[in-house]
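So you can see what is in the structure, the chains are spelled out below.
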Amino acid sequence: MEQHDHTCPGKSRRDFIKKSTALTAISLTPAAVVKAGEHHEAIASFFEKTPLQMEVNGKMVQVLVDPGVSLLDMLREQLGLTGTKKGCDQGHCGACIVHVDGKRVNSCLTEAVDNNGKKITTIEGLAEGDKLHPVQEAFIKHDAFQCGYCTPGQIMSAVACIREGQANSEADIREYMSDNICRCGAYPNIVAAITAAKNSGQKI
Amino acid sequence: MDKEKRASYFADEDDRVDGIDKVTGRAKYTADHHPENMAYAVFVTSTITRGSVKNFILSEARDAPGVLEIITHLNCPAVPGFQPWAKDPNKKGFEWRGLKPFANNLVWYYGQPIALVVASTWEKAVKAASLVKAEYITEEAETDFEKFRKDPSRLKPSGEYKRGETDAYKQADVFVENEYHLPIETHNPIELHATIAHWEGNDKLTVYDKSQGPKGTQAELARTFGLEEKNVRVITKFLGGAFGSSLRSWPHVAAACIAAKMVKRPVRLQLTRRQMFTMVGYRPMAWQKIAIGASRDGKLTGITHHAISNTSRYEDFREGIVNASQYLYECPNVNTTYKILPLDINTPTWMRGPGEASGAFALECALDELAYKLNMDPVELRIKNYAELHPVSKLPWSSKFLKECYDKGRELVGWSNRSAIPRSKKEDGKLIGYGMGGGVFGASRGNATVKAIFTSEGKLNLYSAVSDMGPGTATAMVSIAADVLQLPAAKISFLLGDTEFPPGPTQGGSTTTSTMGTAVSLVCEMLKTQLIEIARQQSPLFSGLSADDLACSNGKVYAKTDISKNMGFAELVKASGKPQIEILKESGPDPAVRSKYAMNSFSAHFVKVAIDPATGAIELKKVVCTGDGGKIVSPKTARSQMIGGAVGGIGMALTEEALVDTRTGKYLNDTLGSYLVPRHRDVPFIDTWFPDKPDPVINPMGSKGVGEIALVGFAAAVANAVYNATGKRITSLPLKPSMII
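Residues numbered from 1 in each chain as written. Chains lettered and ligands numbered in written order. Predicted model: local features only at pLDDT ≥ 70, side-chain atom pairs only at ≥ 80, totals over all residues.

## Quick notes on the environment of Glu200(B)
All names here are of chain B. Worth spelling out the cut-off: Only DSSP runs of H or I covering at least 4 residues are called helices, and only runs of E covering at least 2 are called strands; the numbering of each starts at the N terminus. Exposure criterion: with C-beta atoms placed from backbone coordinates, a residue whose C-beta has 20 or more other C-beta atoms within 10 Å is buried, one with 12 or fewer is exposed, and one in between is partly exposed.
Mapped onto the fold, Glu200 is located in the loop between strand 9 (194–199) and strand 10 (205–209). Taking the number of C-beta atoms within 10 Å as the measure of exposure, Glu200 has 11 and is therefore exposed. Counting along the chain gives 31 residues from Glu200 to Asn231, while the straight-line C-alpha distance between them is 9.7 Å.

In structure tokens, the structure reads:
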């Protein structure tokens, strides 16, 4: 079969609930529920989900996730935050970059459950109301994109690049930003936008 | 129309109209949609290269959690468009192009979809797909292009051209002859191809699809599933790049529709990055042999160009690989042949610049080689053979400002610093070289319809079912409308990407601005005429004045003789007594013009490279792209498009090569970590320049398009610069340090 990019654990909590000895299960849950769990998808589903709490774009959210769900898919499919993009699901393209506790992270490479209690910022959380973030403004002014698909990841990386003090020269920006692919080839304009945002004197 | 003022009127307003949506994450691409109760589909793909599926073992996959359906050829319902219509000579039906998913058990290539798992979540579908087992009957597969291209019996002739004498180069004072090799190059837009299919009953289908032509996809799906076109709606609001990969519907589009029908739920099928190599086309492998002869003073006397590119076993794909050799330069004797070689791999398709880009690599490198042999400047050689008439049709060009491109390109790259002797110039210990390459592509205009609604608030909404893969169609259309109506761009919206709108063109072949822009320009002219007429009829201000006495500026109609007599567009709409003004305008090509002129866009790319003599590492020091695309409608986005083409050219020249294992037929580097596309660190500042001269006949804007010429000829410029720097003539792409040291 095709070698899938995103493996799910073979032995899940579902296997545990559905197939492990009743002895273990009974000690955790009423027998009737265990029995139901053997037959009913919905109940099995409930038991295998992990409750998480995290701060996403300044708001506390509680979410139940299946095992093996990436932070990227949790944001997109469960919270409806589709600004963060799936480009490869392998950590190669950077389209899924978000900030976790202020650090840039490929959200496709980290499981949602490993981010419990953390502070996540996505592209949707960058602007303050109608006021765009200076890097977003600079991207528009310098036409730092064409199709716009890699743009959320580019912008999240760009903000981190400036905040981390890595935007001191065009060569430094290019090197730092090389984890973010832009297939439309807006690279020179992205470098110009980051340079302009950094030099604007605004708080990044 | 005042062409001089075009696009300059709102020059400060040329930010993309969809810029805010794109920088805030609000822009919705196909997979961002999430209809209620949506299920997720994942392909199971073949692990053999040629043969058939003998048996599926599905029990384990069926028992996996969340599985709703597993579709194979054994349970796939009959799809009307999958029936070969040729069987019924009386009924000229429609037949789905290419691979028909689950129509039979045949395997044509490694990684072909053979089953589809539909489940309640994507993770569950992935898991279950990994549990599907297939048993195969395996046949010997053939995927070795280099081996089989040498066997004439396997080649399908795909066009011959001749003027004057065959192989005239052999009698020339001076000639060059060389073979050129191109690998598979994949589009790999960062947006994964995806389709969401949603049936409402048996006869109504809504599809979100990554399509460069929603109307084309609508027609294909309607005919494939035996539906009325009006009952199929295709939505492509935003398209995350495509470069040709979305010019047609691939098997996953039909598969998503089949799945949604079977599970009676909306289904999303998004390809994985690996599947982006095996399911949505690529630029084919190509072998070319080109020979060019010239007199001692540099006049070309003969060009011979042979090309072979690969196709799949199940579908023929051809492109214009030898075309530019026939007409880019004046030459009395030209002969070309083109053949395709079927192999057991997936079908290729047009990739930006398509065949012309492959062909230009050979042609432009060969001219460079010839220039050295003649001891002539490569630019002067091109100017010496500049074609004033189209050498094939003998028609005059509608416009051609390629000489201006040569001159400006030379100036911007610092061509005067170039040494005519290879490997003779050094800077900071590195070998320095300058090179150039020319490009050409057809300029044309197709059919488009636009609906204009002018509201009583003074806003103009334009609607058409075109989509935009990135160059900025809506931005260009707003610019055109603003210019014709002299209305601020902020008051204009261009709504696209939905087949509920009037038919728009497929975005490809550098034709969108020309085609769509013509319809927009014409509808705005009609609107202007109507507004002026309303002003004359309804307002005493303009009594006694003719239409010629009135003009538009800044959203108002005014009297030319007395600008204090004016009336805003919004007021005029109200005065008309109608809630809004609505006009539908269709436009198409003008055959009369077509028969009188040859129409092309042209480019000239210049690069300066620095090469480390110890490691062979190639660094691009300067890149200059000049392009005659006629009048530039939207300068900011056109510049970006040109830069983007150059970056595509950098990939073609230096990084991109998809490798197929000739034993197994499997792609060896099917990830973005191993198939190398240019990244930030590979791309320097890129200078662009356009003559920006309107073409007098092609369309009302005078715009010819720059999408393809941005890339055509670029790779040759790099290879030629590498020769200038090192004295090594490299004829295989991508260029690698190992070929230099």
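## Brief notes about the environment of Met526(B)
Residues and elements named next belong to chain B. Among the structural elements, Met526 can be located in helix 13 (residues 512–538). With 16 C-beta atoms packed within 10 Å, Met526 lands in the partly exposed category. Measuring from C-alpha to C-alpha, the distance between Met526 and Leu381 comes to 48 Å, with 145 residues separating the pair along the chain.

## Quick look at the sheet that holds strand 4 (residues 103–106) of chain A
Residues and elements named next belong to chain A. Counted only if it meets this: DSSP-based pairing: two strands are paired if at least 2 bridges between them are found. Only the stretch in contact is used when fitting a helix axis, every axis being a line fitted to C-alpha atoms; angles between N-to-C directions are given from 0 to 180 degrees. Contacts here follow a simple rule: the backbone-placed C-beta atoms of the two residues must lie within 7 Å.
A sheet is described by the order of its strands in space; here five strands give the open sequence 2-1-5-3-4, paired in mixed fashion. If you trace the sheet from one side to the other, it starts and ends with strand 2 (59–65) and strand 4, each paired once. If you compare each strand with its neighbour and ignore which way they point, the axes differ by 40 degrees on average. In the packing of helix 7 (residues 151–163) onto the sheet, contacts are made with strand 3 (97–100) and strand 4, and the angle to strand 3 comes to roughly 40 degrees.

## Looking at the interface of chain B and chain A
Contact with chain B, which involves 61 residues of that partner, is made by 54 residues of chain A. Those elements that provide at least two residues to the side of chain B that touches chain A are helix 1 (19–24), strand 1 (39–45), helix 3 (122–131) and helix 16 (635–655) of chain B. In terms of residue count, helix 16 of chain B provides more of the side of chain B that touches chain A than any other element does, eight residues in total.

## Notes on the nonpolar core
Residues and elements named next belong to chain B. Threshold: Buried Ala, Val, Leu, Ile, Met, Phe, Trp, Tyr and Cys residues form a nonpolar core when they are connected through C-beta atoms within 7 Å.
Among the nonpolar cores identified, the biggest contains 284 residues, and Ala41, Val117, Ile292, Ala481 and Val718 are the most heavily contacted of them. Leave out the neighbours within four places in its chain, and Ile292 touches Tyr169, Phe175, Val176, Leu300, Ile303, Ala366, Leu367 and Leu370. With six residues, the next largest nonpolar core counts Trp397, Ala443, Ala598 and Met599 among its residues.

## With respect to the packing of helix 9 (residues 354–374) of chain B against helix 17 (residues 714–726) of chain B
All names here are of chain B. What counts, and what does not: Any angle that is under 35 degrees is reported as roughly parallel, and any over 145 degrees as roughly antiparallel; angles of 65 to 115 degrees are reported as roughly perpendicular and all others as oblique. Handedness of a helix crossing follows the sense of rotation of the near helix relative to the far helix, less than a right angle counterclockwise being left-handed and clockwise being right-handed. Under the scheme applied, nonpolar residues are Ala, Val, Leu, Ile, Met, Phe, Trp, Tyr, Cys and Pro; charged residues are Asp, Glu, Lys and Arg; polar residues are all the others, including Gly.
Between helix 9 and helix 17, whose axes approach to 8 Å, the crossing angle comes to 30 degrees. Relative to helix 17, the element helix 9 is oriented roughly parallel. In the packing of helix 9 onto helix 17, the handedness of the crossing is right-handed. Taken together, the residues of helix 17 that come into contact with helix 9 (itself represented by Ala360, Phe361, Glu364, Cys365 and Asp368) are Ala715, Ala716, Ala719, Asn720 and Tyr723. Its residues assigned to classes, the contact of helix 9 with helix 17 shows seven nonpolar, one polar and two charged.

## Observations concerning unusual backbone geometry
All names here are of chain B. Residue Leu733 is joined to Pro734 through a cis peptide bond whose omega torsion reads -10 degrees. Of note, Phe102 is a non-glycine position whose phi angle comes to about 65 degrees, a positive value. One can find Phe102 in the loop between strand 3 (67–71) and strand 4 (106–107). Judged by the 24 C-beta atoms lying within 10 Å of it, Phe102 falls in the buried class. The phi dihedral of Asp167 is positive, around 50 degrees, even though this residue is not glycine. In this fold, Asp167 is placed in the loop between strand 7 (156–163) and strand 8 (174–182).

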